[in-house]
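# Fold and geometry: a report
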Amino acid sequence: MSKDSNATLRTRYTGESYTQAQQWLRRNGRFRGLVPDADDPQQIRLEAAALLTLARPAAGSLPPVDAAGTLFGLAGTSPGADELVLLPAHGLHGPVLARLLPSLTTDGAVVGIPGLRVFVDRASPYLWLRRLGEHAALDVLPSRRTSATAAREDVTAATLAVQQNGLSPLWDLDHQHEREIAAWRALRAEIGDDGPRWSRALRRGGLFLGGAPGWRSLAPTDEEVRGPKPDQLVPRPVAPEAAEQVRGVVAVASADGRGGRGCTTLVLALAGALARSGVRVVVLAGDDPVGVFAAFRVGPPQPGVWAPLPGGVLRQPIMLGSLTREIAERQVTAAREEFDVVLIDAGTDYQHRELASSADIAVLLAKYSARDWGYVERVDHRPEEVRFFEWLSQRADEYFHRAPTAHTDRRRLLNLLTEELQWYQASALAESGEHQELVDLLWSRDPAAADAEPDGEGDLPYDPSDPEDVEDWWNETWSDSVTIDLDTPFPAEFPTPGDPRTRERQRALVEFLTPEGQLRHGAQWTAATTEWLTRPLEEIVQELTSRADRTVDGLLDEVEEPAVERWGPRLWHEKRGVWAAAREAGDDLVSGWADMIEHRHRDEPAEQTAQALTMAVWQRPETTGVLALMGRETRFPHHRLAAVRKALPEGLADVLLWPEQTDLREAPAPELLSHRSGPASAAANRAAQTVVRQLRLATTGTPVTSARDNRLES
């Protein structure tokens with residue numbers, strides 16, 4: 001039998017064995033290309049850092065790994081759409097890891113990739129490398145492929161290699177060493193804009209096993225990493241690896257019983273992926289207004305009649321919502337006899353969710369929630385004085401933008417009137433007709449008010465006929481009038497302060513408030529309202545919000561006590577003058593240190609995540625469940641998903657990530673069911689792999705090896 005030309009070409013680029021390349025192609029096809037590039041910025045940066053670190057050993061640290069027939073100790077790589085596996089050459093696992101993982105020299109320099117940490121994947125025998133707080137990862141194939149013990153031995157070998165060269169390993173720390181922060185900044189600067197080329201060169205490492213170009217001083221070029229047949233690497237239409245004999249019934253339902261979860265979308269996507277791989281698949285769906293037939297804008301066939309969807313990809317009978325469960329199950333039995341895989345759009349309680357318990361497996365759609373999986377911890381590595389400068393700047397923003405406190409009744413009344421004017425809209429009082437001439441005047445002259453269409457007394461400050469409402473309003477506004485909270489400039493729907501219509505609004509407001517205002521404030525009310533109506537409103541606003549008396553010295557006097565308590569007297573006395581001089585000169589003492597703030601992702605324990613996911617299923621079907629988490633495209637290291645799968649309770653067998661497919665949901669054209677490439681089809685292919693694996697396990701008891709767990713077995 002002749003060899004697969006695609007697998008042969010992939011081996012030339014990657015250095016994999018032919019069997020490894022062929023297995024990869026069977027699992028993934030070419031929907032992302034024969035040798036896909038990384039497209040995630042973090043992944044690109046990590047891969048670039050890995051190759052640059054291997055290519056440019058620091059002077060006085062570890063010796064270079066220059067074994068013949070290798071790329072700096074690598075026998076090749078295995079690039080996937082979302083991952084990269086490094087394949088160290090025989091006997092070089094320890095030296096390669098020692099070069100990649102960070103360690104500290106005797107003079108305090110960091111070599112290796114700062115912040116990189118190593119884990120032995122408990123779900124499979126792979127080493128997993130990831131920088132603290134980042135989702136990008138590298139897998140390393142251990143020296144013995146099926147031995148997790150060998151993986152730990154490789155890490156031990158790296159530790160010995162580092163220590164024998166007088167270095168101290170940093171990869172056992174659960175936080176970044178203070179020297180790693182600056183070292184990572186320097187490494188990123190060295191990579192610069194060449195990151196995508198470094199990443200591509202590592203993914204195409206097989207091209208350079210005979211000797212790498214001069215990357216010790218130069219970055220890879222596009223020409224160097226192009227390879228012999230670049231045109232054959234482009235993405236091509238594919239079918240997922242589901243054509244192996246598989247039979248059974250799969251129900252897709254909402255995990256919490258609610259609608260709008262996208263069950264119909266997932267059913268159609270799975271149906272298309274399975275049909276493209278040669279599986280005879282049928283969809284059973286009800287005639288609900290948001291189901292399959294509504295999506296394709298065609299009328300449903302008669303119950304029990306096999307009818308094609310547009311495009312001829314699938315054939316399906318309708319399962320009417322009015323049918324009893326007994327009749328519906330007879331339809332499922334008939335479909336099972338004629339087709340390989342029966343997909344039921346079980347949906348919610350208003351559809352056929354109860355049929356999920358009769359299926360071989362049930363795919364349950366739930367919303368993805370990031371907090372179930374972990375949280376982000378903010379770690380500030382900036383010098384203390386920089387954090388002090390930032391604190392002072394924040395206090396200054398509050399100080400110089402704070403409205404002055406009113407110490408007289410006059411200013412408090414001006415505050416009350418000006419702030420009330422921002423939202424005041426007069427409208428007719430219910431039934432009474434009181435102030436009607438004033439209201440008519442306002443609404444006839446103010447287009448903004450006229451467009452708003454008054455909706456009753458709620459647009460006035462209070463109802464004068466309700467003593468309790470009057471008392472509450474005056475007490476609250478008088479209490480709040482010691483300061484003023486203005487939108488500056490005035491909201492767009494109101495005339496500006498200089499507009500003549502604003503004066504009309506002022507008079508209307510004063511006329512409404514005056515009877516009660518005079519009772520409460522007497523002559524002060526008359527004086528304040530007279531001033532408010534006769535002076536330009538711009539002058540009053542400027543007076544009320546004036547901060548002319550605010551100075552840096554005044555700020556420092558105000559914050560001295562809390563500053564000394566928080567930062568200590570030494571820092572306060574030595575650095576407050578530095579900050580004040582910088583503010584006067586317009587210098588920024590803080591922003592240049594932003595990259596020393598680390599946002600570190602912390603994983604929740606797998607058991608806790610599994611418990612949260614289980615709680616999303618409000619009524620678990622009496623069959624094997626697969627939880628499909630729907631949300632934006634989310635990346636998880638494979639070890640993380642594997643650990644959560646193992647922690648799921650009995651009845652829930654797997655978790656898959658299902659990115660929201662708006663193109664399917666909003667316009668499910670028939671072509672999308674048969675189209676073999678594109679993001680939607682790629683996501684459907686990956687979901688189909690999980691469904692096929694669990695369906696075969698549920699119906700035959702024969703597990704299908706995970707594509708991730710066995711991706712490099714020969």
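Before reading further, recall that the structure is shown in the block above.
Bear in mind that the values here come from a model prediction, so they are computed numbers and not experimental data.

Attention shifts here to the pattern of salt bridges. As enumerated under the stated definition, the model contains 27 salt bridges in all. With a shortest N-O distance of 3.3 Å, E223 and R226 are connected by a salt bridge. With a relative accessible area of 37%, R226 lands in the partly exposed category. The shortest N-O distance in the salt bridge between E398 and R395 comes to 3.2 Å. Placement of the pair is E398 and R395 together in helix α11 (residues 384–401), with a separation of three residues, close to one helical turn. The exposure class assigned to E398 is partly exposed, which follows from its relative accessible area of 44%. A network of salt bridges, in which partner residues are shared, links R378, D380, R382 and E390.

For helix α12 (residues 409–421), spanning 13 residues, the distance from its first C-alpha to its last is 18 Å, which sits close to the expected 18 Å at 1.5 Å a residue. Of the residues making up α12, those classed as buried are R411, R412, L413, L414, N415, L416, L417, T418, E420 and L421. Residues of α12 that are buried in the fold lie against α15 (467–480), α16 (500–534) and α17 (537–545).

With that settled, consider the sheet that holds strand β1 (residues 74–79). Ordered in space as β1-β2-β7-β6-β5, the five strands form an open sheet in which the pairing is mixed. Two strands lie at the open edges of the sheet, namely β1 and β5 (116–120), each paired on one side alone. The sheet shows a mean angle of 25° between the axes of neighbouring strands, taken without regard to direction. Strand direction decides the pairing type here: strand β2 (residues 84–88) and strand β7 (residues 138–140), joined by two bridges, are parallel. Note on β7: the bridge partner recorded for L86 is V140.

Let us now look at the sheet that holds strand β4 (residues 110–111). What holds strands together in a sheet is hydrogen bonding between their backbones, with the strands either parallel or antiparallel. Taken together, the three strands give an open sheet; going across it, the order is β4-β3-β8, and neighbouring strands pair in antiparallel fashion. Looking along the sheet, the strands with just one partner apiece sit at the ends: β4 and β8 (168–169).

Cut-offs applied
- Residues numbered from 1 in each chain as written.
- Predicted model: local features only at pLDDT ≥ 70, side-chain atom pairs only at ≥ 80, totals over all residues.
- Heavy atoms only, no water.
- Salt bridge = Lys/Arg side-chain N within 4 Å of Asp/Glu carboxyl O.
- Buried < 20%, exposed > 50% of the residue type's maximum accessible area, 1.4 Å probe, protein only.
- Helix = DSSP H or I, 4+ residues; strand = E, 2+ residues; numbered from the N terminus.
- Expected span 1.5 Å × (residues − 1).
- Contact = heavy atoms within 4.5 Å.
- Pairing = 2+ DSSP bridges.
- Axes fitted to C-alpha atoms, helices over the stretch in contact; angles between N-to-C directions.

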